[in-house]
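Residue strings, one per chain:
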Amino acid sequence: MREKGSTERGGRASPSRCEDVLRGTLQGLGLGRVIRHLALLKAWDRAVAPRVRERATVQDFSDGRLYLCVEDPIWLHELHMLRHKLKMILNEEIGEPVVNEIVLRIGASPRSATSAIPNRREERPPVVPTEAEAKVQQILAPVQDRPCRDVLERLFYRWRARPM
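Being a predicted model, the structure only gives us computed values, none of them experimental.

Let's talk about the overall build of the protein chain
Next, step 1: Tallying secondary structure elements over the protein chain gives 7 helices and 3 strands in all.
Next, step 2: Reading the protein chain from its N end, one meets helices and strands in the order α-α-α-β-β-α-β-α-α-α.
Next, step 3: Taken across its 164 residues, the protein chain has 27% of its residues classed as buried.
Next, step 4: Contacts spanning at least 24 positions in sequence make up 59% of the contacts within the protein chain whose residues lie at least 6 apart.
Next, step 5: Per element, the accessible surface of the protein chain, about 11700 Å² overall, is 55% carbon and sulfur.

Shown next as structure tokens:
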């Protein structure tokens, strides 16, 4: 049985938005959680101050809970006081309310243990020639949904950087 308004005159189905098709496909493949997690990590890197990122790392994200690992009790207390503001900033950066709660834990930060250079990005996009990068940006220009766009951009870069 078709939903009301799902067909146009003449019995033809109305076209689906690319965003809806892609989102449904990724959800069907079981990648919905991964995409939300990646979007959150990207939002964390863009929206959170470097001094906070140096002392707290994203440990996990599930069921609307963002788990942060903090190295000492002083920063745990500071971030506990800022957790509502952090939640608002991240949700605003992502464009939808995905973070419902921030859970803070004390522990060794894996990022700080491995990086000798402060503020070094762990994941760098593969080097892509300017011409290819311009083509990717041209292809992605119509996609307005930020998490979808970020995932597609990473896919294009990985495809371009693969060994021939």
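A closer look at the pattern of salt bridges
Next, step 1: Under the defined criterion, the tally for this structure stands at 4 salt bridges.
Next, step 2: Between Arg55 and Glu54 there is a salt bridge, with the nearest N and O atoms lying 3.4 Å from each other.
Next, step 3: A relative accessible area of 31% means that Arg55 is categorised as partly exposed.
Next, step 4: Among the residues examined, Glu54 registers a relative accessible area of 35% and is labelled partly exposed.

A word on the pairing of strand β2 (residues 65–70)
Next, step 1: Counting buried positions along β2 gives 5 out of 6 residues, so the element sits mostly inside the fold.
Next, step 2: The sheet contact formed by strand β1 (residues 56–62) and β2 spans 6 bridges and is antiparallel. Bridge pairing links Ser62 to Arg65 in β2.
Next, step 3: Taken together, β1 and the strand that follows it, β2, pair antiparallel across an intervening segment of 2 residues, in which Asp63 is found at a positive phi of about 50°.

Quick notes on helix α2 (residues 32–47)
An α-helical turn contains 3.6 residues, so a residue and the one three or four places further along point in the same direction.
Next, step 1: Here α2 is 16 residues long and its end C-alpha atoms lie 22 Å apart, about the 22 Å a rise of 1.5 Å per residue gives.
Next, step 2: Taken together, the buried positions of α2 are Gly32, Ile35, Ala39, Leu40, Ala43 and Trp44.

Notes on the sheet that holds β1
Next, step 1: The strand order β1-β2-β3 describes an open sheet built from 3 strands, whose pairing is mixed. Sheet topology places β1 and β3 (101–106) at the edges, where each strand pairs with a single neighbour. Across the sheet, the axes of successive neighbouring strands diverge by a mean angle of 25°, strand direction being ignored.
Next, step 2: On top of the sheet, α2 reaches β1 and β2; it is set at about 155° to β1, its chief contact.
Next, step 3: Seen against the sheet, helix α4 (residues 73–94) touches β1, β2 and β3 and runs at an angle of roughly 160° to β3.

A look at the packing of α2 against α4
Next, step 1: For the pair α2 and α4, the least separation of the axes is 9 Å and the interaxial angle reads 115°. The angle between the axes of α2 and α4 places the two elements in the roughly perpendicular class. You can see that α2 and α4 cross each other, and the crossing is right-handed. When α2 is examined against α4, the residues Ala39, Leu40, Ala43, Trp44, Arg46 and Ala47 are found in contact with a partner set consisting of Ile89, Leu90, Glu93 and Ile94.
Next, step 2: A breakdown of the residues in the contact of α2 with α4 according to their chemical character gives 8 nonpolar, no polar and 2 charged.

Reading the values: rules and limits
- Residues numbered from 1 in each chain as written.
- Predicted model: local features only at pLDDT ≥ 70, side-chain atom pairs only at ≥ 80, totals over all residues.
- Heavy atoms only, no water.
- Helix = DSSP H or I, 4+ residues; strand = E, 2+ residues; numbered from the N terminus.
- Buried < 20%, exposed > 50% of the residue type's maximum accessible area, 1.4 Å probe, protein only.
- Contact = heavy atoms within 4.5 Å.
- Areas by Shrake-Rupley, 256 points an atom, 1.4 Å probe, with all protein chains shown as cover.
- Salt bridge = Lys/Arg side-chain N within 4 Å of Asp/Glu carboxyl O.
- Pairing = 2+ DSSP bridges.
- Expected span 1.5 Å × (residues − 1).
- Axes fitted to C-alpha atoms, helices over the stretch in contact; angles between N-to-C directions.
- Parallel < 35°, antiparallel > 145°, perpendicular 65-115°, else oblique.
- Left-handed = near helix turned anticlockwise from the far one by under 90°.
- Nonpolar A, V, L, I, M, F, W, Y, C, P; charged D, E, K, R; others polar.

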